[in-house]
Amino acid sequence: MKLLVGLGNPGNQYAGNRHNIGFMAIDAVARAHNAGPWKTKHSALLSEATIDGEKVMLLKPQTFMNRSGDSVQQVAQFYKIAPVDIIVLYDELDLAPGKVRVKVGGGNGGHNGLRSIDPQIGLDYKRIRLGIGHPGKEFVTHHVLGDFAKADQAWLDPLLDGIAKHIGLVLKGDDNGFMNKLALATAAEPAPAKAPPKAQSHIRQARPAKPQVALPETGPMAAMLKKLFKGE
């Protein structure tokens with residue numbers, strides 16, 4: 001059995017935050033794979049799904065980010081899931097928005113969720129880092145606890161759909177295949193080609209103007225024309 005963990009903060013006020021992209025990813029996986037109902041257990045919301053023939057527990061800790069490890073440790077211990085079978089999805093400031101990297105071990109990068117998890121289960125679990133971009137040191141808190149902008153949906157929706165569709169590759173150990181699939185899913189679509197101009201035969205040609213006749217200004221003919229136009 002695998003344990004798939006998404007990190008975030010509980011409560012509607014945090015639901016759209018960049019810090020909650022881990023929750024969003026787990027929800028997308030649950031929808032795509034017809035997971036069972038969410039149950040409140042072990043200080044978390046727990047569900048169960050079968051992905052590519054493998055039984056997977058889906059976990060959203062409800063302890064707030066800086067105590068995520070409490071819930072992960074409880075679930076891992078109860079279901080006897082080893083750290084190597086635990087996969088954690090979370091927001092990553094040091095990756096551009098929409099970029100994804102998968103790794104095992106390493107530092108916590110200042111992420112409070114990982115700071116809580118590492119001491120409780122060790123470093124041998126797999127991390128799926130979901131890029132949200134770095135706004136500059138002085139704006140970090142506002143950035144991570146702020147909602148995704150409307151413009152972000154252009155890459156966020158394809159990313160979450162791609163995670164849900166291809167998460168089975170990570171479960172099988174094909175991390176590179178997973179990252180490649182997501183890179184394709186979030187690639188910008190090419191601009192539509194411009195329609196070719198219509199053929200010349202379909203363009204109405206302007207008719208040349210009729211030549212203007214110069215009228216005499218003096219003499220008998222000029223006097224006659226003046227009388228004519230005045231109706232005399």
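Residues numbered from 1 in each chain as written. Predicted model: local features only at pLDDT ≥ 70, side-chain atom pairs only at ≥ 80, totals over all residues. Heavy atoms only, no water.

Q: Please explain the packing of helix α5 (residues 153-171) against helix α6 (residues 175-185) as it appears in this structure.
A: For the pair α5 and α6, the least separation of the axes is 9 Å and the interaxial angle reads 160 degrees. What the angle tells us is that α5 and α6 run roughly antiparallel. Judged by the sense of rotation from one axis to the other, the crossing of α5 with α6 is right-handed. Residues P158, L159, G162, I163, H166, I167, L169 and V170 of α5 pack against D175, G177, F178, K181, L182 and A185 of α6. The residue makeup of the contact of α5 with α6, split by class, is nine nonpolar, three polar and two charged. (Axes fitted to C-alpha atoms, helices over the stretch in contact; angles between N-to-C directions. Helix = DSSP H or I, 4+ residues; strand = E, 2+ residues; numbered from the N terminus. Parallel < 35°, antiparallel > 145°, perpendicular 65-115°, else oblique. Left-handed = near helix turned anticlockwise from the far one by under 90°. Contact = heavy atoms within 4.5 Å. Nonpolar A, V, L, I, M, F, W, Y, C, P; charged D, E, K, R; others polar.)

Q: Before we go on, may I ask you to explain the confidence of the model for the protein in this structure?
A: Close inspection of predicted coordinates is inappropriate in any region flagged by low pLDDT. Averaged over all residues, the pLDDT of the protein is 87; the fraction at 70 or higher stands at 81%. Taken together, the stretch residues 189-206 has pLDDT below 50 and engages in two contacts with residues farther than four places along the chain or on a different chain. (pLDDT = per-residue confidence, 0-100.)

Q: It is not clear to me how the sheet that holds strand β2 (residues 39-41) should be interpreted in this structure. Could you clarify?
A: The strands making up a sheet are joined through hydrogen bonds of the backbone, oriented either antiparallel or parallel. Ordered in space as β2-β3-β4-β1-β5-β7-β6, the seven strands form an open sheet in which the pairing is mixed. Edge positions in the sheet fall to β2 and β6 (100-104), since each of these pairs with one other strand and no more. On average, each strand axis in the sheet is tilted by 30 degrees relative to the strand beside it, whichever way the strands run. Judged from the three bridges that link them, β2 and strand β3 (residues 44-51) form a sheet pairing that is antiparallel. Each bridged residue has a counterpart across the sheet, and for K41 the counterpart in β3 is A44. Across the sheet, α6 touches β6 and β7 (126-131), and the angle it forms with β6 is around 165 degrees. (Pairing = 2+ DSSP bridges.)

Q: Is there a simple way to think about the pairing of strand β1 (residues 2-6) in this case?
A: Working note: regular strand, side chains alternate between the two faces of the sheet. Burial within β1 is extensive, with five of its five residues counted as buried. Burial of β1 is two-sided: the residues K2, L4 and G6 facing one way and the residues L3 and V5 facing the other way are all buried. Judged from the four bridges that link them, β1 and strand β4 (residues 54-61) form a sheet pairing that is parallel. For V5, the partnering residue across the bridge sits in β4 and is L59. Sheet analysis places β1 next to strand β5 (residues 86-92), joined by four bridges and oriented parallel. Residue pairing across strands places L4 opposite I87, the latter belonging to β5. (Buried < 20%, exposed > 50% of the residue type's maximum accessible area, 1.4 Å probe, protein only.)

Q: Quick question: what am I supposed to make of the pattern of salt bridges here?
A: A side chain of one charge can pair with a side chain of the opposite charge if their charged atoms are brought near each other. According to the stated counting rule, one finds nine salt bridges in the structure shown. Between D152 and R18 there is a salt bridge; the shortest N-O distance is 3.8 Å. A residue pair is termed long-range when its members are at least 10 positions apart, and D152 in the loop between α4 (140-144) and α5 and R18 in the loop between β1 and α1 (21-32) qualify at 134 residues. Taking relative accessible area as the criterion, R18 reaches 14% and is therefore assigned buried. With a shortest N-O distance of 3.8 Å, D52 and K172 are connected by a salt bridge. Taken as a pair, D52 in the loop between β3 and β4 and K172 in the loop between α5 and α6 lie far apart in primary sequence, 120 residues in all. Residue D52 shares its accessibility class with K172, and that shared class is exposed. (Salt bridge = Lys/Arg side-chain N within 4 Å of Asp/Glu carboxyl O.)

Q: Looking at this model, I keep getting lost on the packing of α1 against α5. Mind explaining?
A: Helix packing geometry: the angle between the two helix axes and the distance between the axes. For the pair α1 and α5, the least separation of the axes is 8 Å and the interaxial angle reads 55 degrees. Classified by the interaxial angle, the pair formed by α1 and α5 is oblique. Where α1 crosses over α5, the two elements pack in a sense that is right-handed. Contacts between α1 and α5 involve I21, M24, A25, A28, V29 and A32 from the first element and L156, L159, L160, I163, A164 and I167 from the second. Split into classes, the residues belonging to the contact of α1 with α5 amount to 12 nonpolar, no polar and no charged.

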